[in-house]
Amino acid sequence: MATVVVPFRAGGKSRLPDEIRSEVALAMLGDVLGAATAFGRTRLVTDDAAAGLVASELGAELVADPGGGQGPAVAAALAGVDGACLVVNADVPRVRASDLNALAVAARHGALGIVEARDGTTNALALPYAEAFRPLYGPRSAAQFRAHARALGLRLDDLELRNLVDDVDTEADLARVGPGAGPRTRALLGALHA
């Protein structure tokens, strides 16, 4: 079984309105962690106390974020993990355990799997082993992860898993993705529109 790593940064989602940013981010995180813990072992890497409470409630392990951005955070959470690993962003609230199982197939077969976001960044990775990770996040990161897989001699699987492709960066994204999101995000949207 693969270990799932979810990085979460307090104060992220800067393109969402200030008055809902924190609540939306935590609701989406809860939905992602809910799917991940239903799938298997899950590690949340964060320095956010509220996110730590969500992880505790859902049975995810908590790893302290060392600072320095998403790459160092993921590397810290992968340290000491044996076997296949999945890295899933905290802003894909439609994700289900079945999506993670589909993502894990690549890693279980020795490939590096990539789910690319619409903007060319990376929403999820499947790694055959933790040491295959490199901190390549940022603009066009999906292309960088592809080049990294080739450099390692790993087979590359580009995965079009809709629930992992659909991330939330803006209010328009939230309106589009929200109705199909997990229960926490849907409940928050219902409260915001009540």
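Presented here is an overview of the structure given in this document. (Residues numbered from 1 in each chain as written. Predicted model: local features only at pLDDT ≥ 70, side-chain atom pairs only at ≥ 80, totals over all residues. Heavy atoms only, no water.)

## Some words on the packing of aromatic side chains
Here is the rule: Two aromatic rings from Phe, Tyr or Trp, using only the six-membered ring of Trp, form a pair when their centres are within 6.5 Å; if the ring planes differ by under 30 degrees the pair is stacked, by over 60 it is edge-to-face, and anything between is tilted. The numbering of helices and of strands both runs from the N terminus, where a helix is a DSSP run of H or I of at least 4 residues and a strand a run of E of at least 2. The rule is simple: take the accessible area with a 1.4 Å probe, protein chains only, and divide by the maximum for that residue type; under 20% is buried, over 50% is exposed, in between is partly exposed.
A complete count under the given rule lists 3 aromatic pairs for this structure. Between the aromatic rings of F133 and F145, the centroid separation amounts to 6.4 Å while the plane-to-plane angle is 35°, which identifies the pairing as tilted. Placement of F133 in the loop between strand 6 (122-127) and helix 5 (141-152) and of F145 in helix 5 is noted, with a sequence separation of 12 residues between them. The same class applies to F133 as to F145, namely buried. Taken together, a centroid distance of 5.3 Å and an interplanar angle of 70° make the contact between Y137 and F145 edge-to-face. Look at Y137 and you get buried, because its relative accessible area is 18%. Here the aromatic residues F133, Y137 and F145 are joined through ring pairs into a cluster of three or more.

## Side note on the pairing of strand 4 (residues 85-88)
Using the following cut-off: Strands are labelled as partners when DSSP assigns at least two bridges between them.
A two-sided burial pattern is seen for strand 4, the buried positions comprising C85 and V87 on one face and L86 and V88 on the other. Inspection of the sheet shows strand 1 (residues 3-7) paired to strand 4 by 3 bridges, in the parallel sense. Bridging across to strand 4, V4 finds its partner in L86. In the sheet, strand 4 pairs with strand 6 via 4 bridges, with the strands oriented antiparallel. Residue C85 lies in a different strand from strand 6, and its bridge partner there is L127.

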